[in-house]
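# Close look at the chain arrangement
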Amino acid sequence: MSAKELSKLEIIQHVCDKRIRQIDAAQALKLSRSQIQKLVNRFREFGPQGLVSKKRAQPGDHHYCSILKTQVLELIKTSQQVLNASI
């Protein structure tokens, strides 16, 4: 877990133990009260792992598939060979 996720975990644990209110946790984490409620529900259901980002270890949105990548690199190589041969 990152430092940010650890601090979020600590605050959500305080909310679950009723040491702080959801409104105070929302202000501390700069989230809305409904987002805090979702985090509390996930924490109660899945434990600390419920607070870890679900996007972790997934490729980004701008990630190209490996087949396309190899096709483009092959095209570049062949075009360079054609240009070098004509010079």
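The sections below set out a description of the structure shown in this document. (Residues numbered from 1 in each chain as written. Predicted model: local features only at pLDDT ≥ 70, side-chain atom pairs only at ≥ 80, totals over all residues. Heavy atoms only, no water.)

### Structural notes on unusual backbone geometry
A positive phi angle is found at Lys18, which is not glycine, with a value near 60 degrees. Along the polypeptide, Lys18 turns up in the loop between helix 1 (3-16) and helix 2 (22-29). Of note, Lys30 is a non-glycine position whose phi angle comes to about 60 degrees, a positive value. Within the secondary structure layout, Lys30 lies in the loop between helix 2 and helix 3 (33-46). A residue is classified by how much of its surface remains accessible, and Lys30, at 76% relative accessible area, is exposed. (Helix = DSSP H or I, 4+ residues; strand = E, 2+ residues; numbered from the N terminus. Buried < 20%, exposed > 50% of the residue type's maximum accessible area, 1.4 Å probe, protein only.)

### A few points about the side chain of Gln22
Assignment of secondary structure puts Gln22 in helix 2. At 2.5 Å, the side chain of Gln22 forms a polar contact with the side chain of Gln37. Apart from residues no more than four positions distant in its own chain, Gln22 is found in contact with Val15, Arg33, Ile36 and Gln37. (Polar contact = N/O pair within 3.5 Å; in protein donor to acceptor, adjacent residues only side chain to side chain. Contact = heavy atoms within 4.5 Å.)

### Structural notes on the pattern of salt bridges
Taken as a whole, this structure holds two salt bridges when the rule is applied. Measuring nitrogen to oxygen at the nearest pair gives 2.9 Å for the salt bridge that ties Arg19 to Asp17. Judged by relative accessible area, Arg19 falls into the exposed class, the value being 58%. Asp24 is the salt-bridge partner of Arg21, the closest N and O atoms lying 3.3 Å from each other. Classification of Asp24 as partly exposed rests on a relative accessible area of 30%. (Salt bridge = Lys/Arg side-chain N within 4 Å of Asp/Glu carboxyl O.)

It is worth stressing that arrangement in space is one thing and function is another; only the former is reported here.
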